[in-house]
Amino acid sequence: MVLYELNWLRYFKSEKTVKDFYRSLLGIPVAGATLPVIAFLLLGVYGKNLLLIIAALILGIGHIGIHLNHKKEIS
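Residues take numbers from 1 onward in each chain, read along the sequence in its written order. Reporting in this predicted model follows two pLDDT cut-offs: at least 70 for local features of residues, and 80 or more for side-chain atom pairs to be given and counted; totals over whole chains, interfaces and linings ignore these cut-offs and use all residues. The basis for every side-chain value is the complete set of non-hydrogen atoms in the structure, without hydrogens or water.

A. Quick look at helix α4 (residues 50-74). Only DSSP runs of H or I covering at least 4 residues are called helices, and only runs of E covering at least 2 are called strands; the numbering of each starts at the N terminus. For a helix, the expected span equals 1.5 Å multiplied by the number of residues minus one. For α4, built from 25 residues, the straight-helix expectation of 36 Å at 1.5 Å per residue is met to within 8% by its first-to-last C-alpha distance of 36 Å. Looking only at α4, the buried set comprises Ile53, Ala56, Gly60, Ile64 and His67. The contact criterion used is simple: two residues touch if any of their non-hydrogen atoms lie within 4.5 Å. Looking at the buried positions of α4, the neighbouring elements they touch are α2 (18-21) and α3 (31-46). What qualifies as a polar contact is a pair of N or O atoms within 3.5 Å, subject to a donor-acceptor requirement within protein and to the restriction that residues adjacent in sequence count only when both atoms come from side chains. The opening residue of α4, the one whose side-chain oxygen lies 3.2 Å from the backbone nitrogen of Leu51, is Asn49. We call a residue buried when its accessible area falls under 20% of the maximum for its residue type, exposed when it is over 50%, and partly exposed in between, using a 1.4 Å probe and counting protein chains only.

B. Helix α1 (residues 2-13), seen in detail. An ideal rise of 1.5 Å per residue puts 16 Å on 12 residues; α1 measures up with 17 Å between its terminal C-alpha atoms. Buried residues of α1: Tyr4, Asn7 and Tyr11, and no others. For α1, the buried positions fall inside an angular range of 55° around the axis, keeping them on one side. Every exposed residue of α1 that faces more than 90 degrees away from the buried side is listed here: Val2, Phe12 and Lys13. Looking at the buried residues of α1, the elements they touch are α2 and α3. Taken from the helix axis, the directions to the C-beta atoms give the arc we talk about.

C. Local environment of the packing of α1 against α3. Think of each axis as a best-fit line through the C-alpha atoms, taken over the contacting stretch in the case of a helix, with angles from 0 to 180 degrees between the N-to-C directions. Contact pair α1 / α3: the axes reach a minimum separation of 9 Å and the direction vectors enclose 160°. When the axes of α1 and α3 are compared, the pair comes out roughly antiparallel. When the axes of α1 and α3 are compared, the crossing they make is left-handed. Contacts between α1 and α3 pair Leu3, Tyr4 and Asn7 from the former with Ala31, Gly32, Leu35 and Pro36 from the latter. Angular relationships are summarised with four words: roughly parallel below 35 degrees, roughly antiparallel beyond 145, roughly perpendicular across 65 to 115, and oblique for the angles in between. Handedness of a crossing is defined here by the sense of rotation of the near helix relative to the far one, left-handed for an anticlockwise turn of less than a right angle and right-handed for a clockwise turn.

D. Broad picture of a nonpolar patch on the surface. Together, Val2, Leu3, Leu6, Leu9 and Leu26 make up an exposed nonpolar region whose accessible area comes to about 500 Å². Inspection of the secondary structure puts Leu26 in the loop between α2 and α3. Two distance rules govern patches: like charges are joined within 9 Å, and nonpolar side chains (Val, Leu, Ile, Met, Phe, Trp, Tyr) within 5 Å, applied only to residues with over 30% relative accessible area and no salt bridge. For every accessible area listed, the method is Shrake-Rupley and the probe measures 1.4 Å; residues are considered covered only by the protein chains on display. Any Lys or Arg side-chain nitrogen found within 4 Å of a carboxyl oxygen on Asp or Glu counts as a salt bridge.

E. How the structure looks around the environment of Phe21. Looking at the secondary structure, you find Phe21 in helix α2. With a relative accessible area of 30%, Phe21 lands in the partly exposed category. Placed 10 residues apart in sequence, Phe21 and Tyr11 show a C-alpha to C-alpha distance of 6.3 Å. In contact with Phe21, not counting residues within four places along its chain, are Trp8, Tyr11 and His67.

Spelled out as structure tokens, the structure:
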């Protein structure tokens, strides 16, 4: 989650363009969409909560997929 917050700080310090919103962070593509999904997935693994892991995977497929498509459209 620290990386996610750093991603937002970087965005608000930028010119706030759509390209800035979809930039990668430390090699993580569309970090604004990917990092929270990873956080929930790791929380599910840490807590041994299968339902949370499944929910995070479903969220990741939709959320990251949509953002990757938007990034491709603006490129």
